[in-house]
Amino acid sequence: QVQLVESGGGLAQAGGSLRLSCAASGLTFSRYPMAWFRQAPGKEREFVAAINRRGGNTYYTDSVKGRFTISRDNAKNTVYLQMNSLKPEDTAVYYCAADGTAGWVTPTREDDYDYWGQGTQVTVSS
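Residues numbered from 1 in each chain as written. Predicted model: local features only at pLDDT ≥ 70, side-chain atom pairs only at ≥ 80, totals over all residues. Heavy atoms only, no water.

Here's the deal with the overall build of the protein chain
Regarding its fold elements, the protein chain presents 0 helices and 11 strands. The secondary structure elements of the protein chain, listed N-terminal to C-terminal, are β-β-β-β-β-β-β-β-β-β-β. Over its C-alpha trace the protein chain gives a radius of gyration of 13 Å, about what one expects of a compact globule, namely 14 Å for 126 residues. C-alpha atoms of the protein chain, sized along the principal axes, occupy 40 × 25 × 25 Å. Classification of the 126 residues of the protein chain by burial places 44% in the buried group. Across the protein chain, contacts joining residues at least 24 apart in sequence account for 59% of those joining residues at least 6 apart. With an accessible surface of roughly 6300 Å², the protein chain has 43% of that area assigned to carbon and sulfur atoms. Put simply, the protein chain has 13 plus and 12 minus side-chain charges, and the middle of one group is 7 Å from the middle of the other. (Helix = DSSP H or I, 4+ residues; strand = E, 2+ residues; numbered from the N terminus. Rg over C-alpha atoms; globule rule 2.2 N^0.38 Å. Buried < 20%, exposed > 50% of the residue type's maximum accessible area, 1.4 Å probe, protein only. Contact = heavy atoms within 4.5 Å. Areas by Shrake-Rupley, 256 points an atom, 1.4 Å probe, with all protein chains shown as cover. Lys, Arg positive; Asp, Glu negative; His and termini not counted. Charge placed at Lys NZ, Arg CZ, Asp CG, Glu CD.)

What follows is the structure, given as structure tokens:
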């Protein structure tokens, strides 16, 4: 079965950096658009970033543009989220997700993603 396992979360100071990884198994990774979402306490889960099958196109929510970078290594079945210039408002559980339709369109809506990891906590202190 499909498994997505996030790692790399933790505690960072404002202005610092973290790199999240999501290792995928049970699927032909290079066929699936991938994304990162996050959920802060008391808030709904929101889109953060997405990347198409080959990694040539990326998409970001406005609040992270210029600070976060999504990338993927299809040889390693892994998607990454490099987070720089972290802010306290970035504090959330971060989830990676795979779009099970394996299409050429890269969605940004939560409902379009079929497979989810368990999440990794990111806490940014001021």
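Considerations on the pairing of strand E8 (residues 78-83)
The element E8 is largely enclosed, with a buried count of 5 among its 6 residues. Here strand E3 (residues 18-25) runs beside E8; their pairing, made up of 6 bridges, is antiparallel. If you follow cysteine 22 over to E8, its bridge partner there is valine 79. Both strand E7 (residues 68-73) and E8 contribute to a ladder of 6 bridges, which runs antiparallel. Along E8, the bridge assignment pairs isoleucine 70 with leucine 81. (Pairing = 2+ DSSP bridges.)

A word on the packing of aromatic side chains
Scanning all chains against the criterion turns up 3 aromatic pairs. On the numbers, 5.5 Å between centres and 70° between planes, the contact of phenylalanine 37 with tyrosine 113 is edge-to-face. With phenylalanine 37 in strand E4 (residues 34-39) and tyrosine 113 in the loop between strand E9 (92-98) and strand E10 (115-116), this residue pair connects regions lying 76 residues apart in the sequence. Of the two residues, phenylalanine 37 and tyrosine 113, both sit in the buried class. The ring of tyrosine 95 is capped by arginine 45, whose NZ or CZ atom sits 4.8 Å from the centre of that ring. Its guanidinium or amino end placed over the ring of phenylalanine 29, arginine 72 lies 4.4 Å from that ring's centre, counting from NZ or CZ. (Phe/Tyr/Trp six-rings, centres within 6.5 Å; stacked < 30°, edge-to-face > 60°. Lys NZ or Arg CZ within 6 Å of the ring centre and 35° of its normal.)

A few points about the pattern of salt bridges
One pass over the full model with this rule turns up 6 salt bridges. Where arginine 38 meets glutamate 46, a salt bridge forms, and the shortest distance between an N and an O atom there is 2.6 Å. What makes arginine 38 buried here is its relative accessible area of 5%. Ionic pairing is found between aspartate 112 and arginine 109, a salt bridge with its closest N-O pair at 3.2 Å. (Salt bridge = Lys/Arg side-chain N within 4 Å of Asp/Glu carboxyl O.)

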